[in-house]
Amino acid sequence: MTQHFAYQALPSRIVFDTLSPALLAAELDRLGVARALILTTPPQEARGQEIARMLGNRGAGVFAGAVMHTPVAVTEQAVETLRRLGADGVVAFGGGSTTGLAKAIALRTDVPQLIVPTTYAGSEVTPILGETEGGVKTTRTSPAILPETVIYDVDLTLSLPPRLSATSGLNAMAHAAEALYARDGNPVTALMAEEAIAALARALPRIVAAPEDRDARSDALYGAWLSGTCLGTVGMALHHKLCHTLGGSFGLPHAETHAIVLPHAMAYNAAAAPEAMARIARALGAADPAAGLFALGRQLGIDQSLQAIGMPADGLDRAADLAVERPYWNPRPIERDAIRRLLARAWAGDAPE
Ligand code: NAD
């Protein structure tokens, strides 16, 4: 077969290592950062303070106000704190919410970002930022958003609760799955995607059974990095659009929504993307990707219905309308009635079809 594709690698520096004062100093030196503001979420503030102690006099302070969906008001407060404390870089310690805040600050100030991820969201290796203002979520992509350096330290993920580990891992898997049928897909991204799905599929059941299993955690973090790289490199389709709508317009939690919708989105696209499905099935070790993903979710004990995570039944029609409102590429055409049926099954927790 003659290959036709374009592939653009993104300039991130990736370090898998144990966080230490020496490692942080070396990485901040590379970035030319003299004083870093540490960012984190309110529940992770104590750990953020530990990182501040590791930084010594290179730590400008801790801003523990990161929340989901990157509200502009929080970003403005953080930028004000950065300027007041004379910081010239950020160290983000947390999941996608904290990374989102770092990206939003970098977009406004151009300071370098060092990200220490503690979930499997994958945002740290993408040039994508979703921000909310006045209840509206806007997504943009820019090289200025891409974090410069990422330190993956498996020990910092051990405290991620099993349920959140499962949904966050499936959120990562969704990036890889959709990368396999992306319109702008390429062989390198496909290799990463298949490897990511396989790593996450073998790691997540072990993590749920034993959350402190470092080998399984390390595999999941590796899968999360690869998945995030897929998300940052090629375009996403139906699954991500549906989750964006459900999160943005109905306030559903990010990772949980991805975990529930994924098997249904795969079933919707199955017949239109046979090669991608064969690779997903191989990576999962399952005969059918949609059924395999649904079975994995059941094995992991996650919520499998949108109803259980707060989706109102009377919102399904509006969600279907929003999902077809703006046209976007998907391997199978976006058909309103079929999307409405997909949402009904996901709402009820039925198996995908
Ligand atoms: P999150 O960052 O909001 O974290 C969820 C919760 O888990 C928080 O309360 C946090 O304090 C806690 N937590 C995180 N790590 C922990 C750990 N190791 N131990 C204990 N508690 C921990 O959730 P998320 O799913 O990582 O990120 C979701 C956000 O990221 C959404 O806003 C989403 O839109 C965004 N996102 C963006 C991209 C992108 O490329 N732009 C990609 C993926 C996700």
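Coordinates for the structure precede this section.
These remarks concern the structure in this document. Residue positions are given per chain, counting from 1 as you read along its sequence in written order. Per-residue local features are limited, in this predicted model, to residues with pLDDT of at least 70; the limit for side-chain atom pairs, both in listing and counting, is 80 or more; totals at the level of whole chains, interfaces and linings are taken over all residues. Computation of side-chain values covers all heavy atoms of the structure but excludes hydrogens and water.

## Some thoughts on the sheet that holds strand E8 (residues 149-152)
Point 1. One requirement defines pairing of two strands: DSSP has to find at least two bridges between them. The numbering of helices and of strands both runs from the N terminus, where a helix is a DSSP run of H or I of at least 4 residues and a strand a run of E of at least 2. As summarised here, the arrangement of the six strands in space is E1-E8-E5-E4-E2-E3, forming an open sheet in which the pairing is parallel. Looking at the sheet topology across the chains shown, the edges are occupied by strand E1 (13-16) and strand E3 (59-63). Ignoring which end each strand starts from, the neighbouring axes of this sheet average 20° apart.
Point 2. Bridge analysis of strand E2 (residues 36-39) against E3 gives four bridges, and the strand direction is parallel. Counterpart to isoleucine 38 in the pairing with E3 is valine 62.
Point 3. This element, helix H7 (residues 214-233), spans E1 and E8 of the sheet and lies at about 175° to E1. With axes taken as lines fitted to C-alpha atoms, and helix axes fitted only over the stretch in contact, angles between N-to-C directions fall between 0 and 180 degrees. Contact between two residues is taken to exist if any of their heavy atoms lie within 4.5 Å; hydrogens are not considered.

## Focus: unusual backbone geometry
Point 1. Phi is positive for histidine 69, which is not a glycine, with a value near 70°.
Point 2. In this fold, histidine 69 is placed in the loop between E3 and helix H3 (72-84).
Point 3. Positive phi, close to 45°, is recorded for threonine 70, a residue that is not glycine.
Point 4. On the basis of relative accessible area, threonine 70 is assigned to the buried category, the value being 6%. Think of it in three bands: residues with accessible area under 20% of the maximum for their type are buried, residues over 50% are exposed, and the middle band is partly exposed, with areas taken using a 1.4 Å probe on protein chains only.

## Thoughts on the site of the ligand
Point 1. As a structural note, the neighbourhood of the ligand is formed by 22 residues, with Thr41, Ser97, Thr118, Thr119 and Thr126 the closest of them.
Point 2. In the environment of the ligand, a nitrogen atom lies 2.7 Å from a nitrogen or oxygen atom belonging to the side chain of serine 159.
Point 3. The element best represented in the shell around the ligand is helix H4 (residues 96-109), accounting for three residues.
Point 4. For the shell around the ligand, the class distribution of residues is eight nonpolar, twelve polar and two charged.
Point 5. Lining the shell around the ligand are residues from two domains, each supplying at least three of them: domain 1 (13-157) and domain 2 (162-348). Residues are classed as near a molecule or strand on a simple rule: at least one heavy atom within 4 Å of it. Here a polar contact means two N or O atoms within 3.5 Å. Within protein one must be a hydrogen donor candidate and the other an acceptor candidate, and residues neighboring in sequence count only if both atoms are side-chain atoms. All residues other than Ala, Val, Leu, Ile, Met, Phe, Trp, Tyr, Cys, Pro, Asp, Glu, Lys and Arg, Gly among them, are scored as polar; the first ten of these are nonpolar and the last four charged. Where each domain starts and ends follows an automatic or database-derived domain assignment.

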